[in-house]
Amino acid sequence: MKSDSLEVNGRSYRWMVRPVVVVCVDGCEPAYLDAAIDAGVAPYLEAMRKGGADLLADCVVPSFTNPNNLSIVTGAPPAVHGICGNYFFDRELGQEVMMNDPKYLRAGTVLAAFADAGAKLAVVTAKDKLRKLLGHKMKGICFSSEKSDQVTMEENGIDNVLDMVGMPVPSVYSAELSEFVFAAGVKLMESRRPDLMYLSTTDYVQHKAAPGSPAANAFYQMMDGYLAQLDALGATIVLTADHGMNDKHGADGSPNVIYLQDVLDGWYGPDRARVILPITDPYVVHHGALGSFATVYVPSEDEVPGWIDRIQRIPGMQLVLSRKEAAQRFELPPDRIGDIVVVSEQSTVIGTSATRHDLTALEVPLRSHGGVSEQKVPLICNRPVAGVASTRRLRNFDALDLALNHAQGPLVAAA
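First, a word on what this report is: a plain description of the structure on this page.

Rules of the game
- Residues numbered from 1 in each chain as written.
- Predicted model: local features only at pLDDT ≥ 70, side-chain atom pairs only at ≥ 80, totals over all residues.
- Heavy atoms only, no water.
- Helix = DSSP H or I, 4+ residues; strand = E, 2+ residues; numbered from the N terminus.
- Rg over C-alpha atoms; globule rule 2.2 N^0.38 Å.
- Buried < 20%, exposed > 50% of the residue type's maximum accessible area, 1.4 Å probe, protein only.
- Areas by Shrake-Rupley, 256 points an atom, 1.4 Å probe, with all protein chains shown as cover.
- Lys, Arg positive; Asp, Glu negative; His and termini not counted.
- Charge placed at Lys NZ, Arg CZ, Asp CG, Glu CD.
- Arc of directions from axis to C-beta.
- Salt bridge = Lys/Arg side-chain N within 4 Å of Asp/Glu carboxyl O.

1. Looking at the overall build of the chain
Now for step 1: Of the regular secondary structure elements, the chain holds 15 helices and 19 strands.
Now for step 2: Computed over the C-alpha atoms, the radius of gyration of the chain is 21 Å, within 12% of the 22 Å expected from 2.2 N^0.38 for a compact globule of 415 residues.
Now for step 3: Each of the three principal axes of the chain carries a C-alpha extent, and together these read 65 × 45 × 45 Å.
Now for step 4: A burial count over the chain gives 60% of its 415 residues as buried.
Now for step 5: Entry remark: accessible area of the chain is about 15,400 Å², with carbon and sulfur atoms responsible for 49%.
Now for step 6: Computing the positive centroid from 37 side-chain charges and the negative centroid from 49, the chain places the two 5 Å apart.

So this is what it looks like as structure tokens:
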């Protein structure tokens, strides 16, 4: 017999009484929803915000994909689950590595806990870099749009995904990569009716298109239609984002970049500093590995205060913190960040050396994320919520708490 609730990472979650779908829309600055609704292309989202819960939340900083998706599915910050970037310097290995291996996870997910307790789970993500982390130790369906032609029952808990969805494998650099996620979610809800489903998109469109632009409105119009279908199928939906998105360029369209490795090499000599950019992943065409958050490894602890004092005077820097300060302020694991953490202002990004960033693939002026300026994200539900204190600081990783513990009343479609 199923228990009435489960405790995961110190939080209690009630058992779902109807299917629950949590959607993480990558790069969803709240202005995207406002603009699409104002343009009349997102009637369901408008109804969802008016008839359900329309809240704002803070995402995890660094405001990047992996830390925030893992926070959402664990209900906890990176200090608990350990994933504090897409990329980091592994001190034990002495190497810079991708943080997409489940071995770096330090906490179990809410998804795996419910699956172990007998719930039917489904996870669909756009890029395969997240799949193994999201589906770690989870019994159920878990696959990515990117590798949807390679699914097997043994590895993914499902096969013949392309036949089910009725779409070809999308390009990793396309809006269709995210559309495949939503289309698969609807098909799974129709055919398998999972108790709990997590859908995670890619921010390809948001990196290229500002709120209210034709491409952005078309994306949210597409999403709106699939969300309405999930609502009509009786699901409780909570939608949030992993981070926002901002212009990071000047009036002439060229990126505003602080090449911090070059600066530090000039000040202290080559090979004394190591600058790590946690935004780094295999998919850099749309952002050139440039974001608003970086960590710096310093030769000795004694030098940190002097370096901080000097770095914080660089034009475009917003915050320059010691490891201890950054770990406390942003709830990060101190052993996986540098001696210094730097965050740039809203319109500025941080690079390593100019020669290490290939920006030739940027087809439009740079839009990116990573800092506190991209921390505010939507947190909306298609049912009213009760019992959430007005003074509570909401986080995007409260999405499952909202869906399972606080969503009450009729669905939007039934209102």
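Still more ground to cover, so stick around.
2. Some remarks on helix H12 (residues 260-268)
Side chains three or four residues apart in an α-helix point the same way, a direct result of the helix having 3.6 residues per turn.
Now for step 1: Among all positions of H12, only Leu260, Gln261 and Leu264 are buried. End-on view of H12: buried residues confined to an arc of 95°, all on one side of the axis.
Now for step 2: Positive backbone phi, at 95°, marks Gly269, one or two positions downstream of H12.

3. Side note on the pattern of salt bridges
Now for step 1: What the rule picks out here adds up to 21 salt bridges.
Now for step 2: Asp309 is the salt-bridge partner of Arg313, the closest N and O atoms lying 2.7 Å from each other.
Now for step 3: Owing to a relative accessible area of 57%, Arg313 belongs among the exposed residues under this scheme.
Now for step 4: Of the charged contacts, one joins Glu331 and Arg395 as a salt bridge, the two residues approaching to 2.9 Å between their closest N and O atoms. Here the residue Glu331 occupies a position in the loop between helix H14 (323-330) and strand S16 (340-344), and Arg395 occupies one in the loop between strand S19 (376-381) and helix H15 (399-406), the gap between them amounting to 64 residues.
Now for step 5: Residue class for Glu331 comes out partly exposed when judged on its relative accessible area of 29%.
Now for step 6: Taken together, the shared-partner salt bridges in this structure form one network comprising Arg11, Arg392, Asp398 and Asp401.

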